[in-house]
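Chain by chain, the residues:
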Amino acid sequence: MAKDMSQPFESAAIPIINDRAQIDAVREQLVDILERFGYGKSSAFAIRLAVEEALNNAFTHGHRDLPSDEPVTIQYHVCPDEVRIVVADGGPGFDPDAIPDPTLDENLEIPSGRGLLLMRAYMRSVEFNAVGNVVQMVYRRPPDDASDP
Amino acid sequence: MPSDESRLRIKNQDGVTQIEFIDRNILDEANIQQIGDELAAIIDASSSPRLLISFANVDHLSSAALGTLITVNNKIKAKGGMLRLADIDPQIYEVFVITKLNRIFEIHDTVENAVSSFG
């Protein structure tokens, strides 16, 4: 992940396994950093949701056929105006363009397939590597973003 | 952490089963599975289920939780029952709008409005 050294940032790369305590810990660590950088409640909600969906995709789909102790790596890079998150799994990857649009009338009552839609809705960009087992998400801080009093 | 404890607070009044979530965050795969199983048991126990699910305590939910709600809605429809959702935080309501699930769920601002909608 490219780093602009001219402005303050916090970053880390953390391997985690499919364990709720580990997932919650890394997500809350990220939310704490967002608060320190003054991101508002709606930004924290968006980033939290996108991270949850990306990790869920990685563990549920990417690691479906892998041992449960196989880690996924989450990297984050938080700047005052932007947050970059990379989630890399060890699975075979997938074609994101092959996921049916869950908002079409004929798909509305299908219980799965909404994680990627939510990631794309809340993030400025969501890009996969060629194989489809690494996703990079960028959140751009909106001009009216502010911490709750 | 999944457990034997219920993830739901349930009361039955005037033929409507009112349900609240215990958890503020409905994210954990095992908990979502448990919530789905508990709701399925409630639906199975009624010939024409009338369920009202309040989101008053909920701060965060994932697409997996939405999936469980869709399954619950499909089960209720299959039995000719009724499902209402209520008290959804604006940020979470936006998730329903993005996914267009506000088109398949009947959503009310308050539990009181949802109760009176059963007629």
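Numbers given to residues run from 1 along each chain, matching the order in which its sequence is written. Chain labels run from A onward and ligand labels from 1 onward, assigned in the order the entries are written. Reporting of local features is limited, given that this is a predicted model, to residues whose pLDDT is at least 70; pairs of side-chain atoms are given and counted only at 80 or more, and all residues count toward the totals for whole chains, interfaces and linings. In computing side-chain values, all of the structure's heavy atoms are included and hydrogens and water are not.

Trainee: Got a minute to help me understand the overall build of chain B in this structure?
Mentor: In this text, helices come from DSSP runs of H or I with a minimum length of four residues, and strands from runs of E with a minimum of two, each type numbered from the N-terminal end. Scanning chain B from N- to C-terminus turns up four helices and seven strands. Secondary structure elements of chain B occur, N-terminal to C-terminal, as β-β-β-α-β-β-α-β-α-β-α. The reference for a compact globule is 2.2 Å times residues^0.38; the radius of gyration itself is calculated from the C-alpha atoms. Computed over the C-alpha atoms, the radius of gyration of chain B is 13 Å, within 12% of the 14 Å expected from 2.2 N^0.38 for a compact globule of 119 residues. For chain B, the spread of C-alpha atoms along the three principal axes comes to 35 × 30 × 25 Å.

Trainee: Teacher, can you tell me more about the pattern of salt bridges here?
Mentor: When the charged atoms of two side chains with opposite charge come close together, those side chains can pair. We count a salt bridge whenever a side-chain nitrogen from Lys or Arg sits within 4 Å of a carboxyl oxygen from Asp or Glu. Taken as a whole, this structure holds 17 salt bridges over all chains when the rule is applied. The partner of Asp28(B) in a salt bridge is Arg20(A), and the shortest N-O contact between them spans 3.2 Å. Of this pair, Asp28(B) sits in the loop between strand S3 (25-26) and helix H1 (29-44) while Arg20(A) sits in helix H1 (residues 20-36), which puts the two residues in different chains. Accessibility classification places Asp28(B) together with Arg20(A) in one group, the buried group. The residue Asp145(A) makes a salt bridge to Arg141(A) at a minimum N-O spacing of 3.1 Å. For Arg141(A), a relative accessible area of 22% puts it in the partly exposed group. Each member of the salt-bridge network shares a partner with another, and the members are Arg20(A), Asp24(A), Arg27(A), Glu28(A), Arg48(A), Glu52(A) and Asp28(B). Note on exposure labels: buried denotes an accessible area under 20% of the residue type's maximum, exposed denotes more than 50%, and partly exposed covers the range between, all computed with a 1.4 Å probe on protein chains only.

Trainee: Please explain the layout of surface pockets as it appears in this structure.
Mentor: Any space left empty among the atoms is revealed by the rolling of a water-sized probe across them. Every definition here rests on a 1 Å grid over the protein atoms only: cavities are sets of points where a 1.4 Å probe fits but cannot get out, pockets are open sets enclosed by protein on both sides within 12 Å along at least five of seven lines, and lining residues have some atom within 4 Å of a point. Grid points are joined across faces, edges and corners, and a volume is the space filled by probe spheres set on the points. In this structure, the largest pocket occupies an estimated 1,000 Å³ of space. The wall of the largest pocket is formed by 41 residues, among which Asn56(A), Asn57(A), Thr60(A), His61(A) and Ser112(A) lie closest to the centre. If you list the elements that add at least two residues to the lining of the largest pocket, you get helix H2 (41-62), helix H3 (115-122) and strand S5 (134-140) of chain A together with H1 and helix H2 (63-78) of chain B. Tallied by class, the residues present in the lining of the largest pocket amount to 17 nonpolar, 17 polar and seven charged. All residues other than Ala, Val, Leu, Ile, Met, Phe, Trp, Tyr, Cys, Pro, Asp, Glu, Lys and Arg, Gly among them, are scored as polar; the first ten of these are nonpolar and the last four charged.

Trainee: Just to check I follow, could you spell out the nonpolar core for this structure?
Mentor: As a rule of thumb, soluble globular proteins bury nonpolar side chains together. Grouped together as the largest cluster of nonpolar side chains are 66 residues, with contacts concentrated most on Ile85(A), Phe55(B) and Phe96(B). With eleven residues, H2(A) is the single largest residue contributor to this core. The criterion used for residue contact is that any of the two residues' heavy atoms lie within 4.5 Å. When sequence neighbours within four positions are dropped, the list of residues in contact with Phe55(B) reads Phe21(B), Leu61(B), Leu69(B), Leu85(B), Ala86(B), Asp87(B), Ile88(B) and Phe96(B). For the purposes of this section, nonpolar cores are sets of buried Ala, Val, Leu, Ile, Met, Phe, Trp, Tyr and Cys residues that join through side-chain atoms within 4.5 Å. Counting six residues, the second largest nonpolar core, distinct from the first, contains Val16(B), Ala86(B), Val111(B) and Ala114(B).

Trainee: Explain the packing of aromatic side chains here, please?
Mentor: Any aromatic ring pair is given by two values, namely how distant the centres are and how the planes are angled relative to each other. Any two of the Phe, Tyr and Trp rings considered here, Trp counted by its six-membered ring, make a pair once their centres fall within 6.5 Å; the pair's planes then place it as stacked at under 30 degrees, edge-to-face at over 60, or tilted in between. This structure, assessed with the given rule, holds five aromatic pairs over all chains. Centre to centre, the rings of Phe45(A) and Tyr122(A) are 6.1 Å apart; their planes meet at 65°, and the pair counts as edge-to-face. Residue Phe45(A) is located in helix H2, and its partner Tyr122(A) is located in helix H3; the two are separated by 77 residues in the primary sequence. Tyr122(A) shares its class with Phe45(A); the two are buried. For the pair Phe55(B) and Phe96(B), a centre-to-centre distance of 6.1 Å together with 90° between the ring planes defines the contact as edge-to-face. Of this pair, Phe55(B) sits in the loop between strand S4 (50-54) and strand S5 (60-61) while Phe96(B) sits in helix H3 (residues 90-98), and the two are 41 residues apart along the sequence. Across the pair, exposure class does not vary: Phe55(B) and Phe96(B) are buried alike. Through a chain of ring-to-ring contacts, the aromatic side chains of Phe21(B), Phe55(B), Phe96(B) and Phe105(B) assemble into a single cluster.

Trainee: Which parts of the structure should I look at to understand the interface of chain B and chain A?
Mentor: It is common to give the size of an interface as the accessible area lost on bringing the parts into contact. Contacts between chain B and chain A engage 25 residues on the former and 23 residues on the latter. Accessible area that two parts lose when put together, with a 1.4 Å probe and added across both, is what the buried area reports. For the pair chain B and chain A, the summed buried surface comes to about 2,100 Å²; carbon and sulfur atoms form 56% of the total. Applying the counting criterion to the chain B and chain A interface returns three salt bridges. The definition of a polar contact used here is a pair of N or O atoms within 3.5 Å, where within protein one atom must be able to donate a hydrogen and the other to accept one, and adjacent residues in sequence count solely through side-chain atom pairs. For the interface between chain B and chain A, the tally reads seven residue pairs in polar contact (both at pLDDT 80 or more). Contributing elements (two or more residues each) for the side of chain B that touches chain A: S5, H2 and H3 of chain B.

Trainee: Could you clarify how one ought to interpret the environment of Asn25(B) in this entry?
Mentor: Its location among the elements puts Asn25(B) in strand S3. The exposure class of Asn25(B) is partly exposed, given its relative accessible area of 30%. In this structure, the C-alpha to C-alpha distance between Asn25(B) and Ile88(B), residues 63 residues apart in sequence, is 13 Å. Setting aside its immediate chain neighbours within four residues, Asn25(B) contacts Arg27(A), Arg48(A), Asp59(B) and His60(B).

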